[in-house]
Each structure stands twice: as structure tokens, then as C-alpha cells.
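Single-letter residue listing:
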Amino acid sequence: MANPKPEELAKIDYKPPKTEWMETPTVFKPGIFPYGCKAKSLETVSFPNPRQWSVKDEDWKLPPNWQEIFIEGLRERVSKYRSFRLFLDICVRCGACADKCHFFIGGGDPKNMPVLRAELLRSVYRKYCTASGKIMGKIAGARELDVNVLKDIWYYAYQCTECRRCSLFCPYGIDTAEITILARELLNLLGLNIDWIAGPVANCWLTGNHLGLQPHTIIDAFNMFCDDIETVTGIRVTPTFNRKGAEILFVIPSGSMFADPGTFTCMGELLLFHELGLDYTWSTFASEGGDFGFFTSNEMAKRLHNKIYEEAKRLKVKWIMGGECGHMWRVWHQYHNTWYGHVDFLEEPVSPITGTKFENTKSNKTVHICEFTADLINHGKLNLDKSRNDDLVVTYHDSCNTARGMGLLEEPRYIINNVCSNFIEMPPQTIREQTFCCGSGSGLNASENMENRLRGGFPRANAVKHVAQKYGVNMLACICAIDRAALPPLMDYWVPGVRVTGVHEMVANALVCKGEKKRTTNMRGEPLPGMEGEENV
């Protein structure tokens, strides 16, 4: 199905329906919802109710006792997670979050107001978990759980990227993303996952990464990266895999191994580590930093996250470094300590180049590559030539999970300002903690829901368009694999001419390496500024 033209999609109708929200039926619109999961994916990880089904069908082939499963699951989680009960109880429907969601801004559907999206589940909670709801029913904002209500919850749970922008503006601190996370977990009890999440989860369980890449495929991909780096720099980098006794285990999202522009980010990391002579290794088992299990259930997230530490223990490394990813870091920063507590078999990370002790990593022993590289620059350990990026006018997209989820705000900007001469910030209400989402996170970056992704990405694209028109911005930098996958089609649609890059691709462009040949191209094989027409020999 062809997407509407930008000028048509930009005509957003914010007029609410004439009926109250409980009386307004949900209409499943093509281009808005993702496909349902395959039976094989659920079977692989022993998830409930594996079967062939389609979102478009009236019969979703639910278990006979599906209502009991859902309600008991709800009661169990309300009892287990105090924050969940609190978030369901204390909302006063003030509307402070209403216009903060990118899907509501870009689509105008009232049920995509965070307050109302949460109300879809909250109304069921009131009916089965509160005295007022049991007695007073609709008057108390409660409603019976039937198939239509279930489909209502499903449709909008998969129109939320769990970016937490709404929570930033809530005067009570309600984290609506947590409500979405648990709504999806309840839906998962009925086998109501989506293909773009369940498939990668199954792949990761079988092979260690979301793409299902086998060890030989990973190594073949890296050999190609090494060939390309040698073509650009004249230097042959020699990464190691599964090497026991290395100081550092480096983990990245698998998207950076297989899809542009993430591959250029991976090449940048390879070149940087080679130049430093870093004692590190990659793993073909823990070949995924991302964790799509986080989008299914708390338990599945733990299962997939654990492989990294099992591999670190097997390889006897001292500490872990993670690459440019989003939810990988949200899991590490917000959930790891609750799941596992203090990691006692690794050392507190210390940079072997600068001697800096990363004090914020005492518990999980994991350093973000932007922290590591910013520290190198701060200590004058890198020879950088900014002019190699002079063809770029760069703006920076704060990835939701690293910005709101862990507060990594200054390090990427510090790096960018040291590797390029032209850095422009987008308007302050669209960056840092208030950053707009790419519109495709939390497993929504499929193709069949592209219209919804374009609508959800509209606020971000609008901010990019502003600086592109005013300052000539032509490159959007980010530190998230999903962003690097989702933002290129978003830019092509809303802001043609603006491309997308990872931060460490720009680092590699600017990095003057020992023993390199005369550089005439960047990591993409494109001419460096002033080198047009020069042969790369």
C-alpha cells in the first residue's frame, strides 16, 4: 500500500469524535498496525498460544479461558509491581501529557493521548481490581473485558514506542511507558505479540542476535568491513572473536553488522579500537546488545540480557563496553541492577588508555562507547582532523532511551563538536530530555505500519526540517540502531536531502591514524571535502 503524500499526511485532524471514548469503536486502519506473530516464533521461546492468526481476521484464535488468563495476569502484576498499581490509581486525567505523544501529534487520534491510551487498560483494572469499579462500573470508569476491549488495548499498545516523553510532563510522575510495557506483557500471555518483535526474540534466543546471524556470517561481514576500512585508510584492522582473556568484551546491536548506515558506525568503532591498540574481543554468541525481549515480557528481557554476562564470564574479560544502541542501554541502566544486583566476577571499568575510572559503572561493569570516546578526546588521546567532515552540517537526535532513559546527553555532543566544525542544535523543546522519538522504537519498525511510523516521526522530522531550512543541516546524527534504521526513510519522506549517521562514523572520518595512506574518501567511500576527483589508491 502506497503511503499518502507528505502534504496529505501533514493535514492532521485533531477534532475529537462525537461519542465518548468508551462508546467509540476502534477501527483497524491499514498502514497503522503491524502484523501478528508467527506460531514458530512463539514455539521457539515457549510463549503461550502459538498458532497461525491474522490481525485482520475477526477471530484471533484466543484460548477458551482468555479472559481469566488476562485478568489473573493483571492482578498478579498489580500485586507484584507497586509502581504499576500506583500509576493506575493516581492519574487525575489532567491532560498534561495529551499533546506530548508523537503519535497523537502526528495522527490526531485521541486514544493516542497517553492518558487515554493508559485508560484503555486502567478501565479494565478498575473493573476487576478495585471495589469502586466492581460496584459502580462505568460510573467509576470501569468496563468489562470483552474481545472488542482486548482489541482496543492491542491496537494502541502497538502504537506506543515506550519513549517516556509523556512521563516527563506528568505532574504525578506517572510512567505511561510502564503501563504499555505491562499491557504488552498481558497480551503476550494470549499469544498476541507482533511479528517484528516475536521473530527477533526467537532469533536472539537461537543465535544470540535479532537478525539470526550465524557465527560464520558475522565473521564474513566483519571481513568485508575490514576490506572497506583498508580501501579507505590503507590500514588492515584485525578484530578477534570469542578470544578468552581479553580485557574488554565489546557488544553492539546486530543491526550495525548488517544494515547501512549502522555498518559505517561499526567500521568506525573497528578503526578506533585498532588505532588505540585496545585489548578487546567481539563475541559471536553475545552478538546482540539490543533486547527485543524487553518488548514482550520482563522475564524474556532477562533471558536475553543474561547471555552478555554469561559470555563475559566464559571469556574471562575484565569489563564490558557497549556500542551505539538505544534500548540496550535502557535495559542496562534501568533494569539490570533490579534483575541481577552487583556483578562480582567483573572489575570496575578503567580506561586502559587514560586511566579514568568510570565511577557510574560500579554495579553493572558496563561503559557506553560515547563515554569512552569522550574521555579519550578530553585527555587528548586522539588525533582528529575536523576538516574531513566539513561537508557536513550536523544536528543531533537524542535517542529516547539513552537521553531520557540514562541521561547520556553531553558526551555525544562533546564528541560531535570535536570531530566536525558545523554542529547545529534543534529547538530546545525537541531535544535532550524532551527529545521526540523516531516513531519506530519498541519493535514498531516494520514495513506494514509505515504510515503510522511516518506520522509518529513527524514531530522529529519537523524539528530537523526547521534547522535544515534555516541552517542548511544535511546530516542527522544519533546513537541508536533503531534510529539509524528508522530515520533514513523518515528523512527521505519529510526532509529529503538530510542523511543519517552514527557518531562513531564521524569519529572515524576525522581520525588521523598512524600509518594511514592519504585519505581521499570518508567511511562511505565518498570524496572528502577538497578531494573530489582524487583517486583512492
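Not measured: the values here are computed from a predicted model.

(A) Representation of a nonpolar patch on the surface in the model. A surface patch of nonpolar side chains, about 380 Å² in accessible area, is lined by Ile 135, Met 136 and Ile 139. By the element assignment, Ile 135 lies in helix α7 (residues 131–136). Judged by its relative accessible area of 71%, Ile 135 falls in the exposed class.

(B) Quick look at the sheet that holds strand β2 (residues 280–281). With parallel pairing, the four strands of this open sheet are ordered in space as β2-β1-β3-β4. The strands lining the two open edges of the sheet, one partner per strand, are β2 and β4 (366–368). Sheet topology note: the strand β1 (residues 248–251)/β2 ladder contains two bridges and is parallel. Within the sheet, the bridge partner assigned to Leu 249 lies in β2 and is Thr 281. Sheet strands in contact with helix α15 (residues 298–315) are β1, β2, β3 (319–322) and β4, and its direction is about 150° off that of β1.

(C) Main features of the sheet that holds strand β6 (residues 475–478). Read across the sheet, three strands follow the order β5-β6-β7 without closing on themselves; strand pairing throughout is parallel. Across the chains shown, the open sheet's two edge strands, defined by having one partner strand only, are β5 (394–396) and β7 (499–502). For this sheet, the mean inter-axis angle between neighbouring strands, taken without regard to orientation, is 35°. Where β6 meets β7, four bridges bridge the pair, whose relative direction is parallel. Its bridge partner lying in β7, Met 475 is registered against Arg 499.

(D) The arrangement of unusual backbone geometry in detail. With an omega of 0°, the peptide bond between Asp 260 and Pro 261 qualifies as cis. Position of Pro 261 relative to the elements: it lies in the loop between α13 (255–258) and α14 (262–276). Although it is not a glycine, Lys 61 sits at a positive phi angle of roughly 55°. The residue Glu 162 is not glycine, and still its phi comes out positive at about 55°. Examined against the element boundaries, Glu 162 turns out to sit in the loop between α8 (147–157) and α9 (165–169).

(E) Region of interest: the state of the cysteines. Throughout the structure, instances matching the rule amount to zero disulfides. You can see Cys 266 has no disulfide; the closest cysteine sulfur is in Cys 226, sitting 8.8 Å from it. Left without a disulfide partner, Cys 437 is nearest to the cysteine sulfur of Cys 400, which lies 3.9 Å away.

(F) The side chain of Asn 401, seen in detail. Its place among the elements puts Asn 401 in helix α18 (residues 400–403). The residues touching Asn 401, leaving out its near neighbours within four places in the chain, are Gly 326, His 327, Arg 330 and Met 406.

(G) Molecular detail of helix α6 (residues 114–129). The end-to-end C-alpha distance of α6 is 21 Å, a good match for the 22 Å that 16 residues give at a rise of 1.5 Å each. At Leu 120, α6 shows its strongest bend, of approximately 40°. For α6, a buried count of 16 out of 16 residues is recorded, marking the element as mostly surrounded by other parts of the structure.

(H) Representation of the packing of helix α4 (residues 82–90) against α6 within the structure. Contact pair α4 / α6: the axes reach a minimum separation of 10 Å and the direction vectors enclose 100°. If you check the angle between α4 and α6, you find them roughly perpendicular. Note on element contacts: α6 touches α4 through Leu 121, Arg 122 and Tyr 125, opposite Phe 84, Arg 85, Phe 87, Leu 88 and Asp 89.

(I) Fine view of the environment of Tyr 172. You can see Tyr 172 is positioned in the loop between α9 and α10 (176–188). The exposure class assigned to Tyr 172 is partly exposed, which follows from its relative accessible area of 47%. As for Tyr 172 and Val 92, which are separated by 80 residues in sequence, their C-alpha atoms are 9.0 Å apart. Every residue in contact with Tyr 172, bar those within four places of it in the chain, is listed here: Ile 90 and Val 92.

(J) Representation of the packing of aromatic side chains in the model. By the definition in use, this model includes 27 aromatic pairs. Taken together, a centroid distance of 4.6 Å and an interplanar angle of 65° make the contact between Phe 222 and Trp 282 edge-to-face. Here Phe 222, found in helix α12 (residues 215–233), pairs with Trp 282, found in the loop between β2 and α15; they are 60 residues apart in sequence, far enough to count as distant. Trp 282 matches Phe 222 in its accessibility class, with the two residues each being buried.

(K) Structural view of the nonpolar core. Ranked by internal contacts, the top residues of the largest apolar core, which has 97 residues, are Phe 70 and Trp 154. The element that contributes the greatest number of residues to this core is α6, accounting for eight residues. Apart from the residues within four sequence positions on either side, Phe 70 is in contact with Leu 121, Val 124, Leu 145, Leu 150, Ile 153, Leu 186, Leu 187 and Leu 190. If you look at the next biggest cluster of nonpolar residues, it comprises 72 residues, including Leu 278, Ala 286, Cys 370 and Leu 511.

(L) Quick peek at the pattern of salt bridges. Tallied over the entire structure, the rule returns 29 salt bridges. The shortest N-O distance in the salt bridge between Glu 275 and Lys 514 comes to 2.8 Å. Residue Glu 275 is located in helix α14, and its partner Lys 514 is located in the segment after α23 (503–510); the two are separated by 239 residues in the primary sequence. Residue classification places Glu 275 among the buried positions, given a relative accessible area of 15%. The partner of Arg 519 in a salt bridge is Glu 516, with the nearest N and O atoms 2.9 Å apart. Relative accessible area serves as the criterion here: at 18%, Glu 516 is assigned to the buried category.

Rules of the game
- Residues numbered from 1 in each chain as written.
- Predicted model: local features only at pLDDT ≥ 70, side-chain atom pairs only at ≥ 80, totals over all residues.
- Heavy atoms only, no water.
- Patch = residues over 30% accessible without salt bridge, like charges linked within 9 Å, V, L, I, M, F, W, Y side chains within 5 Å.
- Areas by Shrake-Rupley, 256 points an atom, 1.4 Å probe, with all protein chains shown as cover.
- Salt bridge = Lys/Arg side-chain N within 4 Å of Asp/Glu carboxyl O.
- Helix = DSSP H or I, 4+ residues; strand = E, 2+ residues; numbered from the N terminus.
- Buried < 20%, exposed > 50% of the residue type's maximum accessible area, 1.4 Å probe, protein only.
- Pairing = 2+ DSSP bridges.
- Contact = heavy atoms within 4.5 Å.
- Axes fitted to C-alpha atoms, helices over the stretch in contact; angles between N-to-C directions.
- Disulfide = S-S within 2.5 Å.
- Expected span 1.5 Å × (residues − 1).
- Bend = angle between axes of the 7 residues up to and from the residue.
- Parallel < 35°, antiparallel > 145°, perpendicular 65-115°, else oblique.
- Phe/Tyr/Trp six-rings, centres within 6.5 Å; stacked < 30°, edge-to-face > 60°.
- Core = buried A, V, L, I, M, F, W, Y, C linked by side-chain atoms within 4.5 Å.

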